[in-house]
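Given next are the chains, with one letter for each unit.
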Amino acid sequence: MSLTQVTVRSLTAADHDRWDAFVRACPQATFFHQAAWQGIIEQVFGHRSWFLLAERDGQMVAVLPLAEVKSRLFGHSLTSLPFCVYGGAVGEAEGVAALEAEAERIAVSRGAAHLEYRNLEVRHADWPRQDLYVTFRKAIDPDVEANMQAIPRKQRAMVRKGIKNGLLSQIDDNADRFFALYSDNVLRHGTPALPKRFFETLMRTFGDDCEVMTVTDPAGKPLSSVLSFYFRDEVLPYYAGDDVAARALAANDFKYWELMRRACERGCRVFDYGRSKVGTGPYSFKKNWGFEPQPLSYEYRLYKRDSVPQNNPMNPKYRAFIALWRRLPLSVANALGPHIVRNLG
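Residues numbered from 1 in each chain as written. Predicted model: local features only at pLDDT ≥ 70, side-chain atom pairs only at ≥ 80, totals over all residues. Heavy atoms only, no water.

The protein chain carries the name FemAB family PEP-CTERM system-associated protein in an unreviewed UniProt entry, which gives Nitrogeniibacter mangrovi as its organism.

See the structure below:
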């Protein structure tokens, strides 16, 4: 252990460039560790945040982004990080330990019911954990055709069906077409939509590292759209939406192939299919592409509760709400949704 003590403090505006340089260089860090998430979470959702950094001799050695979500309906938590699939402290061990000690202090002082870290790998084997989620990550070849051949035969046939149907992909400079498809899609599934302002903020904040790609039929009708993040040499399709006509035309299959093709040509070498719940349609769809599920280690420190929270559509107690939500007009759902989903994270 170093003789020089590690100190912990909060991120300031002057630290942003240093913070992001550290994140880009840290192998354990992800797109969701970037400093800009603090402003997004505070300004779009109104949640208080603590972006903590650990230093030794003036050098950053670890970081931990945290945000507090307080809801009468869904509980009171301190999480790294709401609206993000990966999180937790990253950096050298001594710095991580100091950051986690400060996170516990904050959680207790704020009266949180639990502290949650959304880790890619196990860090606290003795903590309660959420076993519902997995991620799907796979290397992509520098050669476009090699990636096509790597897709399992049945799934490759669906991609070729989309190509045969004359589908086209375009990069959008705004969130309009994406949000129309996304919001209608989540309504059909009975869940509230995030506000359009969130997606517009993501695109404005991250620039070329946040991209919307929309698939249309030959006549230009939008069928399927995806908002993706780029980080180092990885692409992560994060939010998506499909028209009811997309399935018959294989637009969803074509969409992800086009994203993979474009990412390959951009120089990406990892395709991160993102988080899915075990046993769901998206889980099966991603396996059909030849991706293997990797368990996510969502770890919890419980203070005022006896078990890990289950604030997700798989929870049976939300069935009546989901059934009711599906019957709402789209305009009503889009107006009400942001007030609910801001507390889910």
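**Looking at the overall build of the protein chain**
Per the secondary structure count, the protein chain includes twelve helices and 15 strands. Here the protein chain, with 345 residues, has 52% of them falling under the buried criterion. For the protein chain, the exposed area adds up to about 15600 Å²; of that, 51% sits on carbon and sulfur atoms. Here the protein chain contributes 45 positively and 39 negatively charged side chains, and the mean placements of these two sets differ by 8 Å. (Helix = DSSP H or I, 4+ residues; strand = E, 2+ residues; numbered from the N terminus. Buried < 20%, exposed > 50% of the residue type's maximum accessible area, 1.4 Å probe, protein only. Areas by Shrake-Rupley, 256 points an atom, 1.4 Å probe, with all protein chains shown as cover. Lys, Arg positive; Asp, Glu negative; His and termini not counted. Charge placed at Lys NZ, Arg CZ, Asp CG, Glu CD.)

**Some details on the nonpolar core**
Among the nonpolar cores identified, the biggest contains 52 residues, and Trp 37, Phe 199 and Leu 202 are the most heavily contacted of them. Looking at which domains feed residues into this core, each of domain 1 (7-131 + 296-309) and domain 2 (141-268) gives three or more. One finds Phe 136, Ile 140, Val 159 and Trp 289 within the second-largest nonpolar core, a separate group that totals 28 residues. (Core = buried A, V, L, I, M, F, W, Y, C linked by side-chain atoms within 4.5 Å. Domains from an automatic or database assignment.)

**Some points on the domain arrangement of the protein chain**
Assigned domains within the protein chain: domain 1 (7-131 + 296-309) and domain 2 (141-268). Computed from C-alpha atoms alone, the centre-to-centre distance between domain 1 and domain 2 is 29 Å. Taken together, the two surfaces of domain 1 and domain 2 that pack against each other cover about 1400 Å², and 75% of this comes from carbon and sulfur. The largest share of the area that domain 1 buries against domain 2 comes from Phe 31, Ile 40 and Val 44, three residues that together contribute 41% of it. There are zero salt bridges connecting domain 1 and domain 2. The interface formed by domain 1 and domain 2 holds eight residue pairs in polar contact (both at pLDDT 80 or more) in total. Elements supplying a minimum of two residues to the side of domain 1 that touches domain 2: helix H1 (16-25) and helix H2 (36-45). Looking at the side of domain 1 that touches domain 2 element by element, the count peaks at six residues for H2. A breakdown of the residues in the side of domain 1 that touches domain 2 according to their chemical character gives 15 nonpolar, three polar and one charged. (Buried area = accessible area lost by both parts, 1.4 Å probe. Salt bridge = Lys/Arg side-chain N within 4 Å of Asp/Glu carboxyl O. Polar contact = N/O pair within 3.5 Å; in protein donor to acceptor, adjacent residues only side chain to side chain. Nonpolar A, V, L, I, M, F, W, Y, C, P; charged D, E, K, R; others polar.)

**Thoughts on the sheet that holds strand E10 (residues 210-216)**
If you walk across this open sheet you meet the seven strands as E9-E10-E11-E12-E13-E8-E14, and the pairing is mixed. Across the chains shown, the open sheet's two edge strands, defined by having one partner strand only, are strand E9 (168-172) and strand E14 (293-295). The average angle at which neighbouring strand axes cross in this sheet is 30°, direction not considered. In terms of strand pairing, strand E12 (residues 234-242) meets strand E13 (residues 270-277) through two bridges, oriented parallel. Counterpart to Glu 234 in the pairing with E13 is Val 270. Against the sheet, helix H10 (residues 281-288) contacts strand E8 (133-139), E13 and E14, and its axis sits at roughly 150° relative to E13. (Pairing = 2+ DSSP bridges. Axes fitted to C-alpha atoms, helices over the stretch in contact; angles between N-to-C directions. Contact = heavy atoms within 4.5 Å.)

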